[in-house]
Amino acid sequence: DRRAELSALFLQARILFQLGFYEEAGTLLQQCLAHAELYAVAPSRPVLEAWLARSVLYQGDAERALDCLQRMTPTREVLAFLCEAWLLAGGTEHAFACAEQGLALADDGRFPPPLSTGWKDGSWCIEGRSFRLGRNDALLRRWLSGLRAYLLAQRGAPGDAARELHGLTRGGKQADEDPSA
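In this text the structure is predicted, and so the values were computed from the model without any measurement.

Definitions and limits used
Residues numbered from 1 in each chain as written. Predicted model: local features only at pLDDT ≥ 70, side-chain atom pairs only at ≥ 80, totals over all residues. Heavy atoms only, no water. Helix = DSSP H or I, 4+ residues; strand = E, 2+ residues; numbered from the N terminus. Buried < 20%, exposed > 50% of the residue type's maximum accessible area, 1.4 Å probe, protein only. Contact = heavy atoms within 4.5 Å. Core = buried A, V, L, I, M, F, W, Y, C linked by side-chain atoms within 4.5 Å. Salt bridge = Lys/Arg side-chain N within 4 Å of Asp/Glu carboxyl O.

Enquirer: Sorry, what's going on with the environment of M72 here?
Expert: Note on placement: M72 falls in the loop between α4 (62-70) and α5 (76-89). Residue classification places M72 among the buried residues on the basis of a relative accessible area of 17%. When the C-alpha positions of M72 and V47 are compared, they lie 10.0 Å apart, and in sequence the two are 25 residues distant. Residues in contact with M72, not counting those within four places in the same chain, are E49, A50, A53 and V78.

This is how it looks when you write it as structure tokens:
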């Protein structure tokens, strides 16, 4: 099945990205986009394009990554990537605004589909299957919350940053289910 092949290629690209092989991940993501076009898997395109922009960011081209990400629909994942890109480009106020906007988005309460890749975002279809935190974009919300805490500290509000981080690491049920907490 071509959809499963696309999912496997995306997983491979994500692994390469996590290992720091950003150029190789970008090349594979471009291959994924070609597969998505060829086999009419339209829901995957925004996710693949966002991850491709993130790989461009980590290859050192923040300007191009920002240009790509700013043209995309502002999903929680795109806003997290924008926050990260602005942070790496030195635009901390823009980064903070992206974190705030991403955290303000409504949750949909869905879990990833069990037998296929749901293309809601790149974390939902991989980490969402691995952790009980897969519902309501919890992983992306926690990442954005951590970025916001860092940015609060950078703005000179260490008390607010500490409260934000305390909520992430000691905030009850979520912390119990998150292996990185």
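Still more to cover.
Enquirer: Sorry if this is basic, but what is going on with the nonpolar core here?
Expert: Nonpolar side chains tend toward joint burial in soluble globular proteins. In this structure, F10, L48, L69, L82 and C83 are the most contacted members of the largest nonpolar core, which totals 45 residues. Beyond its immediate sequence surroundings of up to four residues, L82 is in contact with L66, L69, Q70 and C98.

Enquirer: Honestly, the pattern of salt bridges in this entry has me stumped. Any pointers?
Expert: Where charged atoms from two side chains of opposite charge approach closely, those side chains can pair. Enumeration over the complete set of coordinates arrives at 10 salt bridges. Here R45 and E37 are joined by a salt bridge, their closest N and O atoms 3.4 Å apart. Judged by its relative accessible area of 55%, E37 is exposed. Overlapping salt bridges bring together E37, R45 and E49 as one network.

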